[in-house]
Amino acid sequence: MTKALDFKYIVTDDPFFEGKISDYSKKIKAKVLGLEELQSIATESQGKIAKVVFYLSHLELESKHKEIHNFLKHAPSVMSSFIVRAPIDYTGYMALAIEEDLFFTNVPEDAPLIFLIKALVNAFTSLQMVVDKFELQKRINVSTNEISKLTRIGISLANEKDFTKLLRDILNSAREISNSDSGSLYLVEKDEKGNPRNLRFKISALDINSDEFILPINKKSIAGYVAFTGKQLNIPDLYELSGSEEYKFNSDFDKMSNYHSKSMLVVPMKDHHDEVVGVIQLINRKKNFQTKLTLEDMKSDSVLEYDKYSEELVMAVAGQAAVAIQNNNLVHDIETLFEGFVTASVSAIESRDPTTSGHSFRVAQYTVGLAESVNAIQVGRFKDIHFNTSQIKEIRYASLLHDFGKVGVREKVLVKAKKLEEYELELIKWRFQFILKDVEAKLYQKKIEYLKKHGNNGFAEFDKSIQLEYALEKDKLQEMVRVIIDSNEPTILEAGNSNFLEEISKLSYQTTEGNQLNLLHPKEFGFLSIRKGSLDFEERREIESHVEHTFQFLSKIPWTKELKMVPAIAHGHHEKLNGSGYPRGLSAVEIPVQAKMMAIADIFDALTDQDRPYKKAVPLERAFDILKMEVRDQHIDGDLLDIFIESKSYEKILHRKLEA
């Protein structure tokens, strides 16, 4: 399979840019262009999506923004982002013609090269996320439309869901309408490419113990001939064939079953594409369908030839049979397609956060296991609750798709391991290092002034005092950096660190040039002050919004009657019995029992899953203790938790996970 071309460009006004990033070119993998080459992007990408990062000085941007805006306006396939070579606090872009949401970040002229490289990589990653989101939505829409169409076809044709019974009904109907004493039914099997592979014997009208067997689809056997040519065969007497026919009659069946096959009508079952899906083989037409033929009768005139009218009647039945068989195949194909769609969708979402890989699949297994355990309960609150096969499937799909709404959550929030991004922490470290260097410069200036004023007289003692002063300042700054680094971890913020952080946030430093430099910016202090975890209030709200996104997505799927509760079940998996959950704050009686079960499975997997950047996996007993605390806080259902623990249905999944 040919890999799609990736059109990536960096448009810059820096004439030395390519030389600067030469050591990182393999990591960035983008073509560097000047502003004057902007029009070549649309030509090269030929209407395919191109990802363009503009790296421009703020002066160049301000002078050329209208030209750039005009280009983007007429190039809808260009996805763009802007990195401005300007101070961190530069906001001049807000007055330009270019939309504000296209601006990714500012990178100061004197910032270390690694900051620029990371900004470029992150900008392209952000653009790729947008592209992936569009592509995923496109695939979802296509798959949803296909599922909707196939489901409607399946419902309109489906009469008999038991496939074995369906085949027997087809054969019996054909025999009855043609007054046939016996008969057989064969189905065409296809290879992976959809081409006919062989003919499989499925059932016989005679009550004989015969295993399924296969025939090649060719002209050598009677059934194979009909499957190969798509034409019916009407044979008056099988034992009087001339021998010039391309097919041959195999009399072994007669010998084994003490039967005598005489007249035979073999018709193809064709679907709406005029493709043969099977063969109906009818034997020994008789005057009355209810008449029982003896072996002697079969050899006499009691067996009639199949006339033209009989052929037409059987062909009509064969047409209906093909529709019925195709209906069954369509239902199976729909289930396979939807299963693949669900699996692909879940895999696509979980691939955005590898640390939670497999979570949705395990939650589905845990929830289904709990539902099956509830089915076995004979006493207590749940003795009257029983989930049938369709409802179990409904629970499984809801569990698999319960986090699908994370497609609408920004990846930087979804995978945020610490309170500050890595580049933000590096910027703080760089700021403190700058301050330390500035302190050192001030102290050197003191030495120079002393020497000018006093010469070497007493300089040794003065130098020691300067060194002591430097050491004290260095220790103080290093202690601040240590507290900042510790506070950046997603663990519970200690009170001492919290107070110290607040003190640091109030401090500023006056540089040798007379500028006031805040040790911590308000935004940095805000993130570092997060009491627990790595997300601030707005980020947590964004994460929590995935439940509503999930519900909106699932509600757009035309679920069948048996699966109509999938959106509602998934919608309630973060609700709590005391009404403090989200997104709707439902009370205990308003939460579906299936969602209550999923909530337990969701928390259990989050606790016992592999170590993650923001938490450690906990032992099984500790996980149960935490879940029992959730019961005491009226968050989850205690009776369901007892069933979950006592049934030990989780053990198989845990063992498989450990073996993997």
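Residues numbered from 1 in each chain as written. Predicted model: local features only at pLDDT ≥ 70, side-chain atom pairs only at ≥ 80, totals over all residues. Heavy atoms only, no water.

**Some words on the packing of aromatic side chains**
Test applied: Paired rings are identified among Phe, Tyr and Trp, the last through its six-membered ring, by centres lying within 6.5 Å, and are further divided according to the angle between planes into stacked (under 30 degrees), edge-to-face (over 60) and tilted (the rest). What counts as a helix is a DSSP run of H or I of at least four residues, what counts as a strand is a run of E of at least two, and both are numbered from the N terminus. Only protein chains enter the area calculation, which uses a 1.4 Å probe; residues under 20% of their type maximum are buried, those over 50% are exposed, and those in between are partly exposed. Charge over a ring is defined by NZ of Lys or CZ of Arg lying within 6 Å of the ring centre and within 35 degrees of the ring normal.
Counted by the stated rule, this structure contains 23 aromatic pairs. Pairing Phe 82 with Phe 103 gives two aromatic rings, centres 5.2 Å apart and planes at 35°, and the pair type is tilted. Placement of the pair is Phe 82 in strand 4 (residues 78–85) and Phe 103 in strand 5 (residues 103–106), with a sequence separation of 21 residues. Between Phe 201 and Phe 213, the aromatic rings sit 4.8 Å apart at their centres with planes inclined by 10°, giving stacked as the arrangement. Here Phe 201 is found in strand 7 (residues 196–204), whereas its partner Phe 213 is found in the loop between strand 7 and strand 8 (214–216), with twelve residues between them in sequence. Judged by its relative accessible area of 5%, Phe 201 falls in the buried class. Overall, Phe 213 belongs to the partly exposed group, its relative accessible area being 35%. Ring-pair connections join several aromatic residues into one group, and the members of that group are Phe 54, Phe 82, Tyr 90, Tyr 93 and Phe 103. The residue whose ring lies beneath Lys 8 is Phe 124, and the NZ or CZ to ring-centre distance is 4.7 Å. For Arg 85, the ring lying beneath its charged end belongs to Tyr 55, and the centroid distance is 5.0 Å.

**Concerning the pattern of salt bridges**
Heads up, the rule is: Basic side-chain nitrogens of Lys or Arg form a salt bridge, by our definition, when they fall within 4 Å of a carboxyl oxygen of Asp or Glu.
Inspection of the entire model under this criterion finds 29 salt bridges. The salt bridge partner of Glu 189 is Arg 200, with a shortest N-O separation of 2.4 Å. Of the two residues, Glu 189 is situated in strand 6 (residues 180–190) and Arg 200 in strand 7; the sequence distance between them amounts to eleven residues. Since its relative accessible area comes to 23%, Arg 200 is described here as partly exposed. The closest approach of N and O atoms between Lys 190 and Glu 275, which form a salt bridge, is 3.1 Å. One end of the pair, Lys 190, is in strand 6; the other, Glu 275, is in the loop between strand 10 (264–270) and strand 11 (276–285), and 85 residues separate them in sequence. Judged by its relative accessible area of 35%, Lys 190 is partly exposed. Through salt bridges with shared partners, a single network forms among Asp 13, Arg 85 and Glu 109.

**Some words on the side chain of His 402**
As a reminder, the rule being used: By definition in these notes, contact holds between two residues if any of their heavy atoms fall within 4.5 Å.
Note on placement: His 402 falls in the loop between helix 12 (389–400) and helix 13 (411–414). Overall, His 402 belongs to the buried group, its relative accessible area being 0%. In contact with His 402, other than residues within four places in its own chain, are His 359, Ser 360, Val 363, His 546, Thr 550, Ala 570, His 573, Met 598 and Asp 602.

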